[in-house]
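For reference, the chains in residue letters:
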Amino acid sequence: NADGFILKEKASFYSGKDDTKAIISNMVKTLSESIVRAGFLKKLNAKFDKILRISDSYNYPIDFVESIKHTADSVRLTSQNNKLNESVLQLIYLDIFKIFESIKNISGIILYPNDFALSVKARTFLQICSHGKSSIYQKSPDDWNCIHKFSLSPIHHKYCKEKNLNFAICAIILFRLGYTQIDDTHWNDIRIFRNTIAHGDNGQLAKRNLTLNVDSLKSYILIMLDLIDMILDPTKINEIKPILS
């Protein structure tokens, strides 16, 4: 009942088991793949464990904490029981991306006082968009900058009414984490990878010189979890106060 055999070099006419060279070569290949797989899964599980500790420790809503646990269990089941090829990694990517949708609705981080307003909770509640004026200026749909002034921006009211995910996460990054430009984080790339997987939108990937493959998916899965960690951890708050000018 042995699972493998080490044999003498076989004669050219022998049609039995693989010879020693082939067996050792296959064994080395299997071990190498296992080491790479284990390296990724170890990081994946460690980052999920950290996010779960944060979500448990800082009194986030029970339904949100349960959704994180469900996602972690789902991702672990998928990653441990399947070969980590591109299709499987895409499923894992989309599963984790859903966490941002949940964050968008956590009242401890973000509020929608009415259909035309949004506030971000940092050390205080910062009004980012109101019915009259907005404290974020948007140069283009994918190029966000934090300008320290109030400017009329009716498109933001539309985003608030729709509870637009991109608008909400950008507001959190700028005003809760204290970045001055969204591209200082990987949020735009994260979102573009998601749109490519979900809708086949490869144009934006090409514009940013990104490629969808096993290596990039592994990398951005971990990057996503790092950004979620930053958003949820109150010790990472670095509030930027908009200046009236």
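Because the structure is predicted, anything quoted here is derived from the model rather than measured. (Residues numbered from 1 in each chain as written. Predicted model: local features only at pLDDT ≥ 70, side-chain atom pairs only at ≥ 80, totals over all residues. Heavy atoms only, no water.)

Some words on the environment of asparagine 82
Stage number 1. Positionally, asparagine 82 belongs in the loop between α2 (62-81) and α3 (86-103).
Stage number 2. Excluding its chain neighbours within four sequence positions, the residues that come into contact with asparagine 82 are Arg37, Leu77 and Val88.
Stage number 3. Here threonine 78 takes part through its backbone oxygen, which lies 2.9 Å from a polar atom of the side chain of asparagine 82. (Helix = DSSP H or I, 4+ residues; strand = E, 2+ residues; numbered from the N terminus. Contact = heavy atoms within 4.5 Å. Polar contact = N/O pair within 3.5 Å; in protein donor to acceptor, adjacent residues only side chain to side chain.)

Overview of the side chain of lysine 104
Stage number 1. Locating lysine 104 in the fold gives a position in the loop between α3 and β1 (110-111).
Stage number 2. Judged by its relative accessible area of 10%, lysine 104 is buried.
Stage number 3. Among the polar contacts made by the side chain of lysine 104, one reaches the side chain of glutamate 101 at a distance of 3.1 Å.
Stage number 4. In this structure the side chain of lysine 104 is engaged in a polar contact, spanning 3.0 Å, whose partner is the backbone oxygen of lysine 163.
Stage number 5. Each residue touching lysine 104, except ones within four places of it in the same chain, is listed here: Ile110, Tyr112, Lys163, Asn164, Leu165 and Ala168. (Buried < 20%, exposed > 50% of the residue type's maximum accessible area, 1.4 Å probe, protein only.)

Re the packing of aromatic side chains
Stage number 1. Counted according to the given criterion, the structure contains seven aromatic pairs.
Stage number 2. Cluster of aromatic residues (ring-pair linked, three or more members): Tyr93, Phe193 and Tyr220.
Stage number 3. Positioned above the aromatic ring of phenylalanine 125, the side-chain terminus of lysine 121 is 5.8 Å from the ring centre.
Stage number 4. Positioned above the aromatic ring of tyrosine 112, the side-chain terminus of lysine 163 is 4.8 Å from the ring centre. (Phe/Tyr/Trp six-rings, centres within 6.5 Å; stacked < 30°, edge-to-face > 60°. Lys NZ or Arg CZ within 6 Å of the ring centre and 35° of its normal.)

Observations regarding the pattern of salt bridges
Stage number 1. Throughout the structure, instances matching the rule amount to ten salt bridges.
Stage number 2. Of the charged contacts in the structure, one is a salt bridge between aspartate 226 and lysine 47, with a shortest N-O distance of 2.8 Å. Of this pair, aspartate 226 sits in helix α8 (residues 214-232) while lysine 47 sits in helix α1 (residues 20-57), and the two are 179 residues apart along the sequence.
Stage number 3. The class of aspartate 226 is partly exposed, set by a relative accessible area of 32%.
Stage number 4. The exposure class assigned to lysine 47 is partly exposed, which follows from its relative accessible area of 22%.
Stage number 5. A salt bridge links arginine 208 to aspartate 183; the nearest nitrogen and oxygen atoms lie 2.9 Å apart. In this pair, arginine 208 is assigned in the loop between α7 (203-207) and α8 and aspartate 183 in the loop between α5 (165-175) and α6 (187-199), connecting sequence segments 25 residues apart.
Stage number 6. Through salt bridges with shared partners, a single network forms among Lys50, Asp229, Asp233 and Lys236. (Salt bridge = Lys/Arg side-chain N within 4 Å of Asp/Glu carboxyl O.)

Some details on the environment of isoleucine 68
Stage number 1. Topologically, isoleucine 68 is positioned in helix α2.
Stage number 2. Using a relative accessible area of 0% as the deciding quantity, one classes isoleucine 68 as buried.
Stage number 3. Each C-alpha atom, one on isoleucine 68 and one on isoleucine 51, is 8.2 Å from the other, the two residues being 17 residues apart in sequence.
Stage number 4. Leave out the neighbours within four places in its chain, and isoleucine 68 touches Ile51, Leu52 and Ile99.

Here's the deal with the confidence of the model for the chain
Stage number 1. Averaged over the chain, the pLDDT score is 83; the fraction of residues at 70 or greater is 80%.
Stage number 2. For residues 137-149, every residue scores under 50 in pLDDT, and the model assigns this stretch 39 contacts once sequence neighbours within four places are set aside. (pLDDT = per-residue confidence, 0-100.)

Concerning the layout of surface pockets
Stage number 1. One number sums up the size of the largest pocket: a volume of about 180 Å³.
Stage number 2. Taken together, Glu33, Ser34, Val36, Arg37, Lys83, Leu84, Val214 and Lys218 make up the lining of the largest pocket.
Stage number 3. Top contributing element to the lining of the largest pocket by residue count: α1, with four residues.
Stage number 4. Split into classes, the residues belonging to the lining of the largest pocket amount to three nonpolar, one polar and four charged. (1 Å grid on protein atoms, 1.4 Å probe; cavity = no way out; pocket = protein on both sides within 12 Å on 5 of 7 lines; lining within 4 Å. Points joined across faces, edges and corners; volume = space filled by probe spheres on them. Nonpolar A, V, L, I, M, F, W, Y, C, P; charged D, E, K, R; others polar.)

What about the nonpolar core?
Stage number 1. Counting 65 residues, the largest nonpolar core has Ile96, Phe100, Ile103 and Trp187 as its most contacted members.
Stage number 2. Element by element, the count of residues in this core is highest for α8, at eleven residues.
Stage number 3. Beyond its immediate chain neighbours, meaning those up to four positions away, tryptophan 187 contacts Phe97, Phe100, Leu165, Asn166, Ile169, Cys170, Ile173, Ile182 and Leu227. (Core = buried A, V, L, I, M, F, W, Y, C linked by side-chain atoms within 4.5 Å.)

Side note on the sheet that holds β1
Stage number 1. Here we have three strands laid out as an open sheet, ordered β1-β2-β3, and antiparallel in their pairing. Taken across any chain shown, the strands that pair with only one partner, and hence form the sheet edges, are β1 and β3 (125-129).
Stage number 2. Packing against the sheet, α5 makes contact with β1, β2 (118-121) and β3, and its axis sits at approximately 45° to β2. (Pairing = 2+ DSSP bridges. Axes fitted to C-alpha atoms, helices over the stretch in contact; angles between N-to-C directions.)

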